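# An overview of the molecular structure
Each chain, letter by letter, is given below.
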Amino acid sequence: MQAFEYANPSTLQEALSLLGNRWGEVDVLAGGTDLLPLMKDEIHTPRRVVNIKNVKELGGIQSTKAGLRIGAAVTLEELLQSALVRKTYPALADAARGIASPQIRNMGTVGGDLCQRPRCWYFRNGFGLLARDAGGQALVPGGENQYHAILGNSGPAYFVSASLLGPALIAYNATVKLASASGSRDVPVEKFFVTPQNDSSREIALLPNEIVTGIVIPSAVTRSATYEVRQRQALDWPLAAASVVLRMKGATVAGARVVLGHVAPTPWVSEEAAQALAGKAINEETATEAGKAALAGATPLSQNAYKVQLARVAVKRALLQAARGRA
Amino acid sequence: MPDYSWPPKAKRKVMGRRMDRLDGPEKASGRAKYSSDVQRPGMLYAAILTSPHAHARVTSLDTAEAERSPGVTAVEVVSGPGTEIQWAGTEIVAVAAATEDQARDALRKIKVQYEVLPHFVKDEDLNKAGSRARAAGEQVTGDPDQAFKQADVVHEGYYGIPVITHCTLESHGGIMEWQGDQVAHWASTQALTGIRSDISTSLKVPVGNVTVHQDHMGGGFGSKFAADRWGVAAAQLSKKSGGRPVRVFLDRATELQIGGVRPSAYAKVRLAARKDGTILGWESQSWASGGVGGGGRPPIPYVYTNIPNQRQTHQAVSINAQGARAWRAPNHQQACYITQAAMDDLAAKLNMDPLELFKKNADVTARAAVYRQQLDKAAELIEWKKRWHPRGQSGPGTVKRGLGLAVHTWGGAGHASQCRCNIHADGSVEVELASQDIGTGTRTIIAQTAAETLGLPVGAIKVKIGDTAFPPSGTSGGSTTVGGVSSSTRKATMNALAKLFESVADSIGAPAEQLEAVEGRIQVKGAPAKGLAWKAACQKLGVKTITEMGENNPKQPGGLNTGGVGGAQIADVSVDTETGLVTINKIVAVQDCGLIINPKTAESQCYGGMIMAGVCGALFEERVMDEQTGRVLNADMEFYKLAGIGDIGQLVVHLNMEPEHDQRGVVGLGEPPSIATITAIANAVTNAIGVRVTNVPLTPARVLAALEGRTA
């Protein structure tokens, strides 16, 4: 880890005044579950680290007129323990529950989940966000790509978005609230994740002088669930995940949001799956068809065809789980 | 010479008891000081610059700026200009500084230039190996051609098991303090006595000037025998820093790149059999790699060694990766998997229950009766008769369940060991050995052995190990420790007791040879009322201390220890055929292990072996090399996957403790139960889903590919 200046603001204004204008200069520290390893591996070498854990405005979960507001510094465990979240937004609770390490749930935050960097092992080994060799050649297509993208992977990015909450938040049409010293703005979570075009840009729409302050999830009567395929019961990243939100009209689907995780450089909204479900009852057959529809356009790399099957199953099982409702 | 033989089982009071580890509370509460916890006055921290290239030549090196960096006391070049680097992670320069951060800051100021050379890092595809594969020659037994001609059934299969690392909980390293002509080392080692010689040789310091200390260490599994390049560099840094202690411990990423690996093994196998399941012939073309030196021939056919007609070829594949080190039962997991996955497939081809096939062919093993009995016991514990189904006939539903079995063998006779026993006039007893407790419970079983011999409670024995000031004892490798230290302890304590008997014979009024030590008393055999309490007896020593030695000579163990064991394991798994995820329901292990000093720590060895080498190796562990960059891509604990508690399933251990086992003497147990588990799990998965997943670990990618008839 390289030496850095440590700032410990207690107000949002103060925190915002400490940010930089270019990526790489300043990093924001919340739970640190991703930032500290990045710094130890010298993937991030900020000259300043701004701790936001003491900024009160960033905490708390409240019901508001616009929906449920979740502060960016709310921990994943707080999220999971919230009766309101568990009852009304089960897809979000499922995603938080899947983070099978109490230590990470206790330290990691909602804002941190959205802003964490990809787990791509070429990136983590210092070959850059787009994983290229010294000659600029992309390493992933001809390399070890078993954990990489099967959708949206025509380049230049091949990693999968690491966010675990992103797919559920997108399925709920949530908005992320961003603030900078000059003001604040709201961005749909769906637009928050972007596919970077070069190594110096980011995989999120946040600007270097901004902080995520919170999330707002509109209230609606829906059925929802997240299903993740993980190899280990112990802490592990999903191999594929799906969050679904269903608006039901009687026994049939009036509207569906199907969002896949860990299959593309961003959470992947599948309009195809939503269309396949419209007007249908959810059963094994329709859920299977939706899974197939969601992956119809998949373009697996040399080692990750299996993820197509896993993603189909994730969609199917998330739909069946949502339709069954909470156990 | 006294009769050192173990007391009969019925008479043992301390040995054979399920005792908690003596150091358990210390370890569980964090009070135990591992060598990586040790802080020495004035201690410096070493950091090591490593090569990012898998194959390169160092052309120039400039450390001037690093030497001037704040806090830096010394710089030691490990791989100077001209050195050919054979794997990424190779140590180039070590730096000592007042803090770890300062040492790492200094590393960034070192300028190294490399001439990058072509590398080769993938070992599975033999067609790509070219000149990197070296043939080890053909071995033929009997008449394999004739056997395959006569066979009713021939099974052909391919099996692969990859390179994995040791991934010890405590990383590799230690503290080196080289002051004047004296070297002190706080080690994380499996070989306290051995590493002393290694340091002496490496540093050209007389062995008597080297001391090694280690109270606790966090796992070695075969990877921690030597001082290693980082240890030698730390010693040089200490010397250059005026003798200040230098701490070096590899970080996890480096540890996973250079701390040692288990070699891979791949094989194309053919088995010839009669309709009734009798195996007539074996043919294999195997290859393996543990690194730049290639990889040894796994001992195949494994356990079923005496298949009458065999032909084998083997090729050692050299890759640009760190060299292999002994890995808990070296080459046995590989050999077991290649042999017994093939036998399981043969059974399926014959429409035969594999339990019957494994038992039927037991005559070509070294211990037919043992394996038949163990297989029956394991089958009983898992309810094989009731629950086994022919391959693939698990029934409807997406989750399929299956059973699979495997057997193994190991040596485990005691190593050379010397022990000193002191009995003081205040009644206190010390047992001293330059041995090490590598986490197995060595302290505890030494105390049990001494307490048994001296007729005292375990708490009355002070066990002193982990220091080369004590008499030399062997390396903890090959499951040799328990046999070695229990035998030397038995002899030393008996010799000391004989001296005590001599000292008190007159006071008690009976000849020394008629005395016995029982329940805290020295008393006359057959007349227990006539005697002295232990403390009163020791008081008779006056100003004397009894100091006696005992030695285990592996060539003459005198019945106290022996080697050669068998074991059988059966796994019960469920496989989600939609996701390829494997869940372990239960694994049973039946293990032969001679006289058991502590059934609890013995069972712990089985659990540990089944989890570490079995569940992890079967489902998760694999080092991922990248041919483009030559690097290990998963040198971290995120993608170098190990099992967590929720992944393990139920483990059932049945130790063979019948009189015929007990009479054999003590046998080591660290390795045997770690061997068969991978194969049992893999065979269970095959039984569940109906097709062989040829390569472990059994990842969703591989399981789904096998189900779809693809290669992953």
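Here is what the cut-offs are and how they apply
- Residues numbered from 1 in each chain as written.
- Chains lettered and ligands numbered in written order.
- Predicted model: local features only at pLDDT ≥ 70, side-chain atom pairs only at ≥ 80, totals over all residues.
- Heavy atoms only, no water.
- Buried < 20%, exposed > 50% of the residue type's maximum accessible area, 1.4 Å probe, protein only.
- Helix = DSSP H or I, 4+ residues; strand = E, 2+ residues; numbered from the N terminus.
- Pairing = 2+ DSSP bridges.
- Contact = heavy atoms within 4.5 Å.
- Buried area = accessible area lost by both parts, 1.4 Å probe.
- Polar contact = N/O pair within 3.5 Å; in protein donor to acceptor, adjacent residues only side chain to side chain.
- 1 Å grid on protein atoms, 1.4 Å probe; cavity = no way out; pocket = protein on both sides within 12 Å on 5 of 7 lines; lining within 4 Å.
- Points joined across faces, edges and corners; volume = space filled by probe spheres on them.
- Nonpolar A, V, L, I, M, F, W, Y, C, P; charged D, E, K, R; others polar.
- Axes fitted to C-alpha atoms, helices over the stretch in contact; angles between N-to-C directions.
- Salt bridge = Lys/Arg side-chain N within 4 Å of Asp/Glu carboxyl O.
- Phe/Tyr/Trp six-rings, centres within 6.5 Å; stacked < 30°, edge-to-face > 60°.
- Lys NZ or Arg CZ within 6 Å of the ring centre and 35° of its normal.
- Parallel < 35°, antiparallel > 145°, perpendicular 65-115°, else oblique.

## Some words on the pairing of strand β16 (residues 265-273) of chain B
All names here are of chain B. For β16, a buried count of seven out of nine residues is recorded, marking the element as mostly surrounded by other parts of the structure. Bridge count for strand β9 (residues 153-161) against β16 is nine bridges, and the pairing is antiparallel. The partner of glycine 160 across the bridge, within β16, is tyrosine 266. Where β16 meets strand β17 (residues 279-291), eight bridges bridge the pair, whose relative direction is antiparallel. Across the sheet, the residue bridging to valine 269 is serine 284, located in β17. The antiparallel pairing of β16 with β17 creates a hairpin that spans five residues between the two strands, and glycine 277 there sits at a positive phi of about 100°.

## Details of the interface of chain A and chain B
On the chain B side, the residues contacting the 31 residues of chain A number 32 residues. Across the chain A to chain B interface the summed buried area is about 2,800 Å²; carbon plus sulfur atoms make up 52%. The largest contributions to the chain A side of the interface with chain B come from Trp121, Gln231 and Arg232 of chain A, which together make up 23% of the buried area. The interface formed by chain A and chain B contains 18 residue pairs in polar contact (both at pLDDT 80 or more).

## Structural notes on empty space enclosed by the protein
Summary: where empty space remains is shown by rolling a probe the size of a single water molecule over the atoms. Inspection of every chain in the model, using the stated rule, returns six cavities of 30 Å³ or more. If you add up the space inside the largest cavity, you get close to 160 Å³. In this structure, the largest cavity is lined by 14 residues; those nearest its centre are Arg119, Tyr147, Val160 and Trp237 of chain A together with Phe639 of chain B. Here the second largest cavity is characterised by a volume of approximately 110 Å³. Residue lining of the second largest cavity: 18 residues in total, with Gly173, Ser188, Ala226, Ala227 and Trp230 of chain B positioned closest to the centre. Here the element with the most residues in the lining of the second largest cavity is strand β11 (residues 173-179) of chain B; it accounts for four residues. Class assignment for the residues of the lining of the second largest cavity results in eight nonpolar, eight polar and two charged.

## Thoughts on unusual backbone geometry
All names here are of chain B. In the segment running from isoleucine 300 into proline 301, the intervening peptide bond is cis, with an omega of -10°. Valine 696 connects to proline 697 through a cis peptide bond whose omega is 0°. Its location among the elements puts proline 697 in the loop between α17 (677-689) and α18 (700-708). With phi around 65°, asparagine 331 is a residue other than glycine that occupies positive phi space. When you line up the elements, asparagine 331 lands in the loop between β18 (309-318) and α8 (332-349). In this structure, asparagine 351 is a non-glycine residue whose phi angle is positive, near 55°. A relative accessible area of 74% means that asparagine 351 is categorised as exposed.

## Focus: the pairing of strand β8 (residues 210-217) of chain A
Every other side chain in a regular strand lies on the same face of the sheet, so the side chains alternate between the two faces. Residue and element names in this part refer to chain A. Burial within β8 is extensive, with eight of its eight residues counted as buried. Across four bridges, the pairing between strand β5 (residues 67-71) and β8 is antiparallel. In the strand pairing of β8, arginine 69 is matched with valine 216. Pairing of strand β6 (residues 175-180) with β8 involves six bridges; the strand directions are antiparallel. In the strand pairing of β8, threonine 175 is matched with valine 216.

## Here we look at the environment of tryptophan 534 of chain B
Residues and elements named next belong to chain B. Tracing the backbone through its elements, the reader meets tryptophan 534 in helix α14 (residues 534-539). Note: C-alpha distance between tryptophan 534 and valine 518 (16 residues apart in sequence) is 9.1 Å. Ignoring sequence-local partners within four residues, the contact set of tryptophan 534 consists of Ile423, Gly427, Val429, Leu454, Leu456, Leu497, Leu500, Gly520, Arg521 and Ile522. Among the polar contacts made by the side chain of tryptophan 534, one reaches the main-chain carbonyl oxygen of glycine 427 at a distance of 2.8 Å.

## Focus on the sheet that holds strand β11 (residues 252-261) of chain A
All names here are of chain A. One open sheet accounts for four strands, arranged β9-β10-β11-β12; its pairing is antiparallel. Looking along the sheet, the strands with just one partner apiece sit at the ends: β9 (223-230) and β12 (268-269). Across two bridges, β11 lies against β12 in antiparallel orientation. Directly across from leucine 260, in β12, lies its bridge partner tryptophan 268. Sheet strands touched by helix α13 (residues 306-324): β9, β10 (238-249) and β11. Its angle to β10, the strand with the most contacts, is close to 35°.

## Comments concerning the sheet that holds strand β27 (residues 565-576) of chain B
All names here are of chain B. Overall, mixed pairing links the four strands, which are arranged β19-β27-β28-β29 in an open sheet. Lying at the two open borders of the sheet, with one neighbouring strand each, are β19 (399-410) and β29 (650-656). Sheet twist, expressed as the average angle between the axes of neighbouring strands with direction ignored, equals 15°. Pairing geometry for β19 and β27, over twelve bridges, is antiparallel.

## Things to note about the pattern of salt bridges
All names here are of chain B. For the coordinates displayed, the defined rule picks out 60 salt bridges over all chains. Here arginine 372 and aspartate 363 are joined by a salt bridge, their closest N and O atoms 3.1 Å apart. We classify aspartate 363 as exposed; its relative accessible area is 57%. Three or more residues are tied together by salt bridges with common partners; here these are Glu138, Asp145, Glu156, Arg270, Glu283 and Arg311.

## Digging into the packing of aromatic side chains
Counting across every chain of the model gives eleven aromatic pairs over all chains. For the pair tryptophan 121 of chain A and tyrosine 147 of chain A, a centre-to-centre distance of 5.3 Å together with 65° between the ring planes defines the contact as edge-to-face. Of this pair, tryptophan 121 of chain A sits in helix α8 (residues 121-127) while tyrosine 147 of chain A is found in the loop between α8 and α9 (166-171), placing the two residues 26 residues apart along the sequence. The exposure class of tryptophan 121 of chain A is buried, given its relative accessible area of 2%. Here tryptophan 384 of chain B and tryptophan 388 of chain B contribute two aromatic rings whose centre-to-centre distance is 6.0 Å and whose plane-to-plane angle is 10°, an arrangement assigned as stacked. Using a relative accessible area of 1% as the deciding quantity, one classes tryptophan 384 of chain B as buried. Taken together through their ring pairs, the aromatic side chains of Trp121 and Tyr147 of chain A together with Phe639 of chain B make up a single cluster. We note arginine 202 of chain A situated over the ring of tryptophan 23 of chain A; from NZ or CZ to the ring centre the distance is 4.1 Å. Over the ring of tryptophan 327 of chain B we find arginine 262 of chain B, and its NZ or CZ is 5.5 Å from the ring centre.

## Considerations on the packing of α13 of chain A against α18 of chain B
Between α13 of chain A and α18 of chain B, the least distance of the axes is 9 Å, while the angle of their chain directions is 95°. In terms of orientation, α13 of chain A and α18 of chain B fall into the roughly perpendicular class. Judged by residue contacts, Tyr306, Gln309 and Leu310 of chain A of α13 of chain A engage Pro700, Ala701 and Leu704 of chain B from α18 of chain B. Looking at side-chain class alone, the contact of α13 of chain A with α18 of chain B contains five nonpolar, one polar and no charged residues.

These figures come from the coordinates and say nothing about function on their own.
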